[in-house]
Amino acid sequence: MNKLLKIASIVLLFSLTMFGITNKASAAKLTLYCSVEIDVCEMLEQAYEKETGTKVAMTRASSGETFAKIKAEASNPKGDVWFGGTGDPHLTAAQENLTEKYKSKHFDDLLPAAQNQAKNADYKSVGIYVGALGFGYNKDLLAKKGLPAPKSWMDLTKPIYKGEIQVANPNSSGTAYTTLATILQIFGEDKGWDFMKKLHANINTYTKSGSAPIKATGRAENLIGICFQHDGVKQTKKGLPVVTVSPEEGTGYEVGSMSIIAGARNMKEAKKFYDWALSPAIQTMVFTSGKSLQVPSNTKAKADPDAPDLSTINLIDYNFKVYGDKATRASLLSKWDKDVSVIPR
């Protein structure tokens, strides 16, 4: 009898163990590729796990790097959702069928720019925030060097700023690609490329991440950083001597975007996260946290009171459809590599 009880106990223990393993294996999962600042990525990861019980595996990388990763994994997708980063590479990903068509239940509440991003992508992407391009300078370092404060894009090409400017590499950074596209739209092709060559002469470092230049500016490692204006304001809010500039000629802007990766292993969870991230409550959480100063795309959400006021900024009519086109993007990056980046400084 004791022997039978012992066998029964072993069988029961084995069954319970297997049940636990099965439950663990079947728990909801989500793989998130995140192209906003790491503190925002972590906030999203933790909030979604807490609210839904879903286990989130998050990887943070710039938009250019993430696009390359999704493209490389196309035959065997490993990610589910791509959150954040400039809209241009999201449009390119949509063109290349790297992302999945999905229209959120919150679509009608979104800003026109966010809706247009979705329409241009055949609903394979959507806008999650809007941010204006610009640059920032360290006012203490500026005074120490006895230099005038730059006010325009053209000011950045002056020889007095040689070796004083940082911007990211447009191959890896959506911020830098938006800068290139903005300059070409403001000045035209010929004058725009001439501008990029003159700017190149003043660059001390091309960074991988778009926010790295303004962070270096805040730390007084660099005088001027080209960035999205909300990233400059974020440094100022930290107590650093950064002055954010909206260029006099006008400037481009980003529609930070989100896309579901085609062939996602956790498609049901991906669509659930997509709607969750566009909801008024979550957009308010993200954009009033002090960690993210863009303008939220959901009109029912609240923005940080210190977020740049887009109505006061001279925004150009940025052509997202053209500059998000994969052929245009590839052509511009190739020309920058061959005609600009190789010039000795």
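Thresholds, definitions, all that
Residues numbered from 1 in each chain as written. Predicted model: local features only at pLDDT ≥ 70, side-chain atom pairs only at ≥ 80, totals over all residues. Heavy atoms only, no water. Phe/Tyr/Trp six-rings, centres within 6.5 Å; stacked < 30°, edge-to-face > 60°. Lys NZ or Arg CZ within 6 Å of the ring centre and 35° of its normal. Buried < 20%, exposed > 50% of the residue type's maximum accessible area, 1.4 Å probe, protein only. Helix = DSSP H or I, 4+ residues; strand = E, 2+ residues; numbered from the N terminus. Pairing = 2+ DSSP bridges. Right-handed = clockwise from strand over helix to strand, strands pointing away. Expected span 1.5 Å × (residues − 1). Contact = heavy atoms within 4.5 Å. Axes fitted to C-alpha atoms, helices over the stretch in contact; angles between N-to-C directions. Nonpolar A, V, L, I, M, F, W, Y, C, P; charged D, E, K, R; others polar. Disulfide = S-S within 2.5 Å. Parallel < 35°, antiparallel > 145°, perpendicular 65-115°, else oblique. Left-handed = near helix turned anticlockwise from the far one by under 90°.

S.K.: Before we go on, may I ask you to explain the packing of aromatic side chains in this structure?
M.R.: Two descriptors summarise a pair of aromatic rings, namely the distance from one centre to the other and the angle between the planes of the rings. All told, the structure shown has 14 aromatic pairs when counted by the stated rule. Counting every residue linked through ring pairs, the aromatic cluster contains Tyr48, Phe83, Phe273 and Trp276. Here the guanidinium or amino end of Arg329 rests over the ring plane of Phe67, the centre of that ring lying 6.0 Å away. Over the aromatic face of Tyr177 sits the side chain of Arg329, whose NZ or CZ is 4.6 Å from the ring centroid.

S.K.: Can you walk me through the pairing of strand 1 (residues 29-34) in this structure?
M.R.: Along any regular strand the residues' side chains alternate between the sheet's two faces. With 5 of 6 residues buried, strand 1 is to be regarded as a mostly interior element. Pairing geometry for strand 1 and strand 2 (residues 55-60), over 6 bridges, is parallel. Across the sheet, the residue bridging to Thr31 is Ala57, located in strand 2. This β-α-β element, strand 1 to helix 2 (residues 38-52) to strand 2, shows right-handed connectivity. Relative to strand 3 (residues 81-83), strand 1 runs parallel, the two being bridged by 3 bridges. Counted as the bridge partner of Cys34 is Phe83 from strand 3.

S.K.: I'm lost on helix 2 in this one. Help?
M.R.: Helical geometry note: an α-helix holds 3.6 residues per turn, so side chains three or four residues apart project in the same direction. With 15 residues, helix 2 ought to run about 21 Å at 1.5 Å a step, and its terminal C-alpha atoms sit 21 Å apart, in line with that. On its buried side, helix 2 packs onto strand 1, strand 2, strand 3, helix 11 (267-278) and helix 12 (280-287). Backbone geometry just after helix 2 places Gly53 at a positive phi near 80°.

S.K.: Before we go on, may I ask you to explain the packing of helix 11 against helix 12 in this structure?
M.R.: Packed helices, taken two at a time, are described by their axes: the angle between them and the distance between them. Put simply, helix 11 and helix 12 touch, their axes get as near as 5 Å, and they point 65° apart. For the pair helix 11 and helix 12, the contacting residues are Trp276, Ala277 and Leu278 in the first and Pro280, Ile282 and Gln283 in the second. When grouped by side-chain class, the residues that make up the contact of helix 11 with helix 12 number 5 nonpolar, 1 polar and no charged.

S.K.: Would you explain the state of the cysteines in this entry?
M.R.: In a disulfide, the sulfur atoms of two cysteines are held together by a covalent bond. If you walk through the whole model with that rule in mind, you get 1 disulfide. The disulfide partner of Cys34 is Cys41, and the gap between their sulfur atoms is 2.2 Å. What sets the handedness of the Cys34 and Cys41 disulfide is the S-S torsion sign, and at about -90° it is left-handed. On the accessibility criterion, Cys34 (0% relative accessible area) is buried. By relative accessible area, which is 0% here, Cys41 ends up buried. For Cys227, which is in no disulfide, the shortest distance to another cysteine sulfur is to Cys41 and amounts to 18 Å. The buried category is assigned to Cys227, whose relative accessible area is 0%.

S.K.: Looking at this model, I keep getting lost on the packing of helix 8 (residues 189-202) against helix 14 (residues 326-340). Mind explaining?
M.R.: Two elements in contact, helix 8 and helix 14, have axes separated by 11 Å at closest approach and are oriented at 50°. Here helix 14 runs oblique to helix 8, going by the angle between their axes. Of the two possible hands of crossing, helix 8 and helix 14 adopt the one that is right-handed. Taken together, the residues of helix 14 that come into contact with helix 8 (itself represented by Trp193, Met196, Lys197 and His200) are Leu332, Lys335, Trp336, Asp339 and Val340. Among the residues making up the contact of helix 8 with helix 14, the classes are represented as 5 nonpolar, 1 polar and 3 charged.

It is worth stressing that arrangement in space is one thing and function is another; only the former is reported here.
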